[in-house]
Amino acid sequence: MAEFLVELYLARPEGDAIAELARTAAEAVARSGGPVRYLSSIFVPEDETFFLLYEANTLEDVRQAVAWAGFEFERIALAQATSAVKD
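Nothing here was measured: the structure is a model prediction, and the numbers come from that model. Residue indices begin from 1 for each chain and proceed along its sequence in written order. Only residues with pLDDT of at least 70 are given local features in this predicted model, and only at 80 or more are side-chain atom pairs given and counted; all residues enter the totals for whole chains, interfaces and linings. Heavy atoms from the whole structure form the basis of all side-chain values; hydrogens and water molecules are not counted.

Caption draft 1: Spatial organisation of the side chain of Glu7. Numbering of helices and strands runs from the N terminus, with a helix taken as a DSSP run of H or I at least four residues long and a strand as a DSSP run of E at least two residues long. Within the secondary structure layout, Glu7 lies in strand E1 (residues 2-9). A 1.4 Å probe rolled over the protein chains alone gives each residue an accessible area, and that area as a share of the maximum for its type sets the label: buried under 20%, exposed over 50%, partly exposed in between. In this structure Glu7 comes out as buried when scored by relative accessible area, which is 10%. In protein, a polar contact means a hydrogen-donor-capable atom and an acceptor-capable atom, both N or O and within 3.5 Å, with residues adjacent in sequence counting only if both atoms are side-chain atoms; elsewhere, any N or O pair within 3.5 Å suffices. There is a polar contact of 2.7 Å between the side chain of Glu7 and the side chain of Arg75. A contact between two residues is defined here by any heavy atoms of the two lying within 4.5 Å. Excluding anything up to four places from it in sequence, Glu7 contacts Thr49, Phe50, Phe51, Phe73, Glu74 and Arg75.

Caption draft 2: Broad picture of the environment of Asn57. Relative to the assigned elements, Asn57 resides in the loop between strand E3 (49-56) and helix H2 (59-69). On the basis of relative accessibility, which here comes to 45%, the residue Asn57 falls in the partly exposed class. It is 18 Å that separates the C-alpha atoms of Asn57 and Thr24, two residues lying 33 residues apart in sequence. Those residues in contact with Asn57, other than ones at most four positions away along the chain, are Met1 and Pro35.

Caption draft 3: Structural view of H2. Those residues of H2 that fall on the buried side of the exposure criterion are Asp61, Val62, Ala65, Val66 and Ala69. For H2, the angular spread of buried residues about the axis comes to 135°, placing them on one side. Of the residues flanking the end of H2, it is Gly70, one or two places downstream, whose phi is positive at about 80°. Throughout, the arc means the angular range of directions from the helix axis out to the C-beta atoms.

Given below as structure tokens:
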């Protein structure tokens, strides 16, 4: 499975509510056959930008989860994890 990053612009997000909705949507899509899992989120208040990280087989599975949640997204991109930098 791959990781995908979803970028949203939200003026006043309720961080916990957004994360819970993202998780619930991923679970709903997974139950209907599209393996997708919500991993985490990051909010950048200065830019009013919210990033959601999902794990899925395809971008389409993530797109379905985002649509189920009702999020209007700017983009979805394949993400690649990197290891932490050591001192």
